[in-house]
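Understanding the architecture of this molecule
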Amino acid sequence: MFDNASKAFFHLLARSGTLKNVAAHYGMRRDTSFARRFIAGETVEEAIAAARSVEAQGLTQTLDYLGESVSSLEAADAATRDYLRVIDAVKTAGIGRNLSLKLTQLGLDVDRASAVDNLRRILDRAEGFFVRLDMESSDYTDRTLTVFETVWQQDYRHVGVVLQADLRRTEQDVDRINALGARIRLVKGAYREPSSVAYPRKADVDATYRKLIEKLLVHGTYPAFATHDEAMIDAARRAAVEHHIGQDRFEFQMLYGIRRDLQNSLVRQGYRVRIYIPFGREWFPYFMRRLGERPANVGFVVKGVLKEK
Ligand code: FDA
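Now for a quick tour of the structure. What you see as residue numbers is a count from 1 along each chain, following the sequence as written. In view of the model being predicted, local features appear only for residues whose pLDDT reaches at least 70, and side-chain atom pairs are presented and counted only at 80 or more, with totals across whole chains, interfaces and linings using the full set of residues. Note that the side-chain values use all heavy atoms of the structure and ignore hydrogens as well as water.

1. Some details on helix 4 (residues 73–93)
Secondary structure counts use DSSP, requiring at least four H or I residues in a row for a helix and at least two E residues in a row for a strand, with both numbered from the N terminus. The length a helix should cover is 1.5 Å for every residue beyond the first. Taking 1.5 Å of rise per residue, the 21 residues of helix 4 would be expected to cover 30 Å, and the 30 Å separating its terminal C-alpha atoms lies within 8% of that figure. Elements that come into contact with the buried residues of helix 4 comprise helix 3 (44–56), strand 1 (60–65), strand 2 (98–101), helix 5 (112–125) and strand 8 (273–279). Residues count as neighbours in contact if any of their non-hydrogen atoms are within 4.5 Å of one another.

So this is what it looks like as structure tokens:
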């Protein structure tokens, strides 16, 4: 489930340009496609349909227009313009206004200042939205937090970040972001990291996650606990009761297509649950990370491919 070798293997595949092209041409073509369990589709219309169905079940959502690691300013500008169109489509559709995005999609690898400009273009258009900056691998942690702090200091308040419990530095980062009064989404971490920066053992990641739950509930601002791990969810529920923190002062978040039973059961118990809905043509790296988290998913994919044939 949290096996470093499988994470490493799927991260290698995620970087394969050839596989990515094959996947783009083949994987998402039909409703039965194997990637559809985790990705709402390639178009904003499909994402909005998925968002409506999620909202009809009493859940909320955040849309992620997939893309990352662009290598030119033109590609970053194109991704930004795509996001602006997504914002307009969400406004027209009248669904909940919440987006997640990656800074490397906006050009962080090419030029930091341009990435900040692109982010501001998105934040300016996104009135009434909340925009979450996803966290990428540890190479980007500092840069992502610096960009976040830059826009925060410019009075953008409808923006938040993600911090990863597997990184050794994260407790300090939680304090740093809590001090601003900004919102944090806490995750375990989806990237293959060296042990110099991350805990190699799942037990240590889980222990850190639990510790940070407590810290975020007591000192944070509307934290989001993004996990499908029932032990972490129970820990958050218990800590909230212990510290007299109401169900409206935090939320759980889960990925589209994962643990729908748990999503619905939490909603029935009165908790807020937000579903992260990814969509778009650039779905391959995201999909590979999901496979790397749970090798059992490979069986599901193989079955799907055989069925399609
Ligand atoms: P864990 O891996 O221990 O899994 C617990 C249980 O969840 C498993 O037993 C299984 O039942 C289920 N499960 C987990 N992953 C599954 C999968 N792929 N398929 C099927 N079942 C699965 N990471 C990051 O580095 N940066 C980010 O910005 C984000 N953003 C983000 C947003 C949201 C809303 C979520 C839920 C997650 C992320 N993540 C992320 C991913 C996160 O770091 C982590 O990799 C996954 O959530 C899996 O970890 P769990 O906390 O679910 O625990």
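There is more to say, and it comes next.
2. Remarks on the pattern of salt bridges
Any carboxyl oxygen of Asp or Glu that lies within 4 Å of a side-chain nitrogen of Lys or Arg is treated as forming a salt bridge with it. What the rule picks out here adds up to 30 salt bridges. Between Lys-102 and Asp-134 there is a salt bridge, with its nearest N and O atoms 2.8 Å apart. Pair noted here: Lys-102 is in the loop between strand 2 and helix 5 and Asp-134 is in the loop between strand 3 (130–133) and helix 6 (141–153), with a separation of 32 residues, a long-range link. Burial classes follow relative accessibility: with a 1.4 Å probe on protein chains only, a residue under 20% of its type's maximum area counts as buried, one over 50% as exposed, and anything between as partly exposed. Among the residues examined, Asp-134 registers a relative accessible area of 5% and is labelled buried.

3. Observations regarding the nonpolar core
Here the nonpolar core consists of buried residues drawn from Ala, Val, Leu, Ile, Met, Phe, Trp, Tyr and Cys, with membership extended through side-chain atoms lying within 4.5 Å. Counting 76 residues, the largest nonpolar core has Leu-63, Leu-101, Leu-119, Ile-213, Phe-225 and Phe-252 as the members making the most contacts within it. The residues contacting Phe-252, other than those within four sequence positions of it, are Phe-225, Ile-233, Ala-236, Arg-237, Leu-266, Tyr-271, Arg-272, Val-273 and Arg-274. Within the second largest apolar cluster, 15 residues are counted, among which are Phe-38, Tyr-276, Trp-283 and Phe-284.

4. Notes on the packing of aromatic side chains
Any two aromatic rings considered together are summarised by their centre-to-centre distance and by the angle between their planes. Any Phe, Tyr or Trp ring, taking Trp's six-membered ring, that has another such ring centre within 6.5 Å forms a pair; planes under 30 degrees apart are called stacked, those over 60 apart edge-to-face, and the others tilted. Within the structure shown, the criterion is met by 12 aromatic pairs. Both rings, one in Tyr-65 and one in Phe-279, keep their centres 5.3 Å apart while their planes meet at 50°; by these two values the pair is tilted. In this pair, Tyr-65 sits in strand 1 while Phe-279 sits in strand 8, placing the two residues 214 residues apart along the sequence. Of the two residues, Tyr-65 and Phe-279, both sit in the buried class. Ring centres of Trp-283 and Phe-284 lie 6.3 Å apart, and the angle between their planes is 70°; this geometry places the pair in the edge-to-face category.

5. Digging into the pairing of strand 3
On strand 3, burial covers both faces: Phe-130 and Arg-132 on one face and Val-131 and Leu-133 on the other are all buried. Any two strands with at least two DSSP bridges between them are considered paired. Here strand 2 runs beside strand 3; their pairing, made up of four bridges, is parallel. Each residue of the ladder has a partner; that of Ser-100, found in strand 3, is Arg-132. The handedness of the strand 2 to strand 3 crossover, carried by helix 5, is right-handed. By convention, orient the strands away from the viewer: a clockwise path from the first strand over the helix to the second makes the crossover right-handed.

6. Comments concerning the sheet that holds strand 1
Taken together, the eight strands give a closed barrel; going around it, the order is 1-2-3-4-5-6-7-8, and neighbouring strands pair in parallel fashion. Strand-to-strand twist in this sheet, taken as the mean axis angle between neighbours without regard to direction, amounts to 25°. Bridge count for strand 3 against strand 4 (residues 159–164) is three bridges, and the pairing is parallel. Of the residues in strand 4, the one forming a bridge with Val-131 is Val-159. In this analysis an axis means a line fitted to C-alpha atoms, helices contributing only their contacting stretch, and an angle means the value between N-to-C directions, from 0 to 180 degrees.

7. Focus: the pairing of strand 4
Across the six residues of strand 4, six count as buried, placing the element largely inside the fold. Side chains of strand 4 alternate between two faces, with Val-159, Val-161 and Leu-163 and Gly-160, Val-162 and Gln-164 buried alike. The β-α-β motif built from strand 3, the intervening helix 6 and the parallel element strand 4 has right-handed crossover chirality. Looking at chain direction, strand 4 and strand 5 (residues 184–187) are connected through four bridges and run parallel. Directly across from Leu-163, in strand 5, lies its bridge partner Leu-186. After leaving strand 4, the chain enters helix 7 (residues 170–180) and then returns to the sheet as strand 5, a path that is right-handed.

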